[in-house]
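For reference, the chains in residue letters:
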Amino acid sequence: MNARNPDLAPLKKRGGKIVQYSGWADPQVNPLPGVEYYETVSQRTGPAATRDFYRLFMVPGMFHCSGGPGCGTADWLAAVMDWVEERHRPAQLIGAHVEAGTTTRTRPCAPIRR
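Residues numbered from 1 in each chain as written. Predicted model: local features only at pLDDT ≥ 70, side-chain atom pairs only at ≥ 80, totals over all residues. Heavy atoms only, no water.

Undergrad: Hey, could you run me through the pattern of salt bridges in this one?
TA: Proximity of charged atoms lets side chains of opposite charge pair with each other. With the rule as written, the count across this model stands at 2 salt bridges. For the salt bridge of D52 with R89, the shortest nitrogen-to-oxygen distance reads 2.8 Å. Highlighted residues: D52 in the loop between helix 3 (47-51) and strand 2 (54-59) and R89 in the loop between helix 4 (76-86) and strand 3 (93-99), separated in sequence by 37 residues. With a relative accessible area of 40%, D52 lands in the partly exposed category. By relative accessible area, which is 39% here, R89 ends up partly exposed. (Salt bridge = Lys/Arg side-chain N within 4 Å of Asp/Glu carboxyl O. Helix = DSSP H or I, 4+ residues; strand = E, 2+ residues; numbered from the N terminus. Buried < 20%, exposed > 50% of the residue type's maximum accessible area, 1.4 Å probe, protein only.)

As C-alpha cells, this is what we get:
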C-alpha cells in the first residue's frame, strides 16, 4: 500500500518474480495506486524488462483480495511457481466466481501491458 521506491533492480537481478493483483471493485483500497506503482516501475525499468519479472493483474468485479460480483479467486501461487520453476511467464490466469463452494463461472484475466 505504501510502495514508493520503483527501483526493483535488486529483485530482478536475483531472479525474483512478482505477481500482483487487485480487484477493480475493492471497496477498501483504491486500486489505482497499484496501477500507478506498476507504471512507475515500468517507466524506470523499461516495459519489456518489467514484464520479465513483474506482472500486475487487475481483476474486474473483485473485492478486497477476493469475493465480489466478478471473479473472486485465481490460482496465484501456481502462476508464481510455474514462472519460477518452469520459466513460463503468466500470460493470463483463469479467474473464478465461486458461490457456496461451487465455481459458477470463469474468465481469463490478462496482466496489464505497458
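There is more to say, and it comes next.
Undergrad: What should I look at first to understand the packing of aromatic side chains in this one?
TA: Aromatic rings considered in pairs are described by the distance between their centres and by the relative angle of their planes. According to the stated counting rule, one finds 5 aromatic pairs in the structure shown. Plain terms: the ring middles of Y21 and W76 are 4.1 Å apart, the flat faces sit at 5 degrees to each other, and that makes the pair stacked. Of this pair, Y21 sits in strand 1 (residues 18-23) while W76 sits in helix 4, and the two are 55 residues apart along the sequence. You can call Y21 partly exposed: its relative accessible area is 27%. One aromatic cluster is present, built from ring pairs that chain together Y37, Y38, F53 and Y54. (Phe/Tyr/Trp six-rings, centres within 6.5 Å; stacked < 30°, edge-to-face > 60°.)

Undergrad: Whenever I open this one, the nonpolar core confuses me. Can you help?
TA: Across soluble globular proteins, nonpolar side chains show a tendency to be buried alongside one another. Core analysis: the largest hydrophobic core is formed by 11 residues, namely V19, F57, V59, M62, C71, A74, W76, A79, W83, L93 and C109. Mapped onto this core, the elements with two or more residues apiece are strand 2 and helix 4. Discounting residues that sit within four places of it in the chain, M62 has contacts with Y21, G23, W24, A25, D26, G67, C71, G72, T73 and W76. By size, the runner-up hydrophobic cluster in this structure holds 10 residues, among which are V35, V41, L56 and M58. (Core = buried A, V, L, I, M, F, W, Y, C linked by side-chain atoms within 4.5 Å. Contact = heavy atoms within 4.5 Å.)

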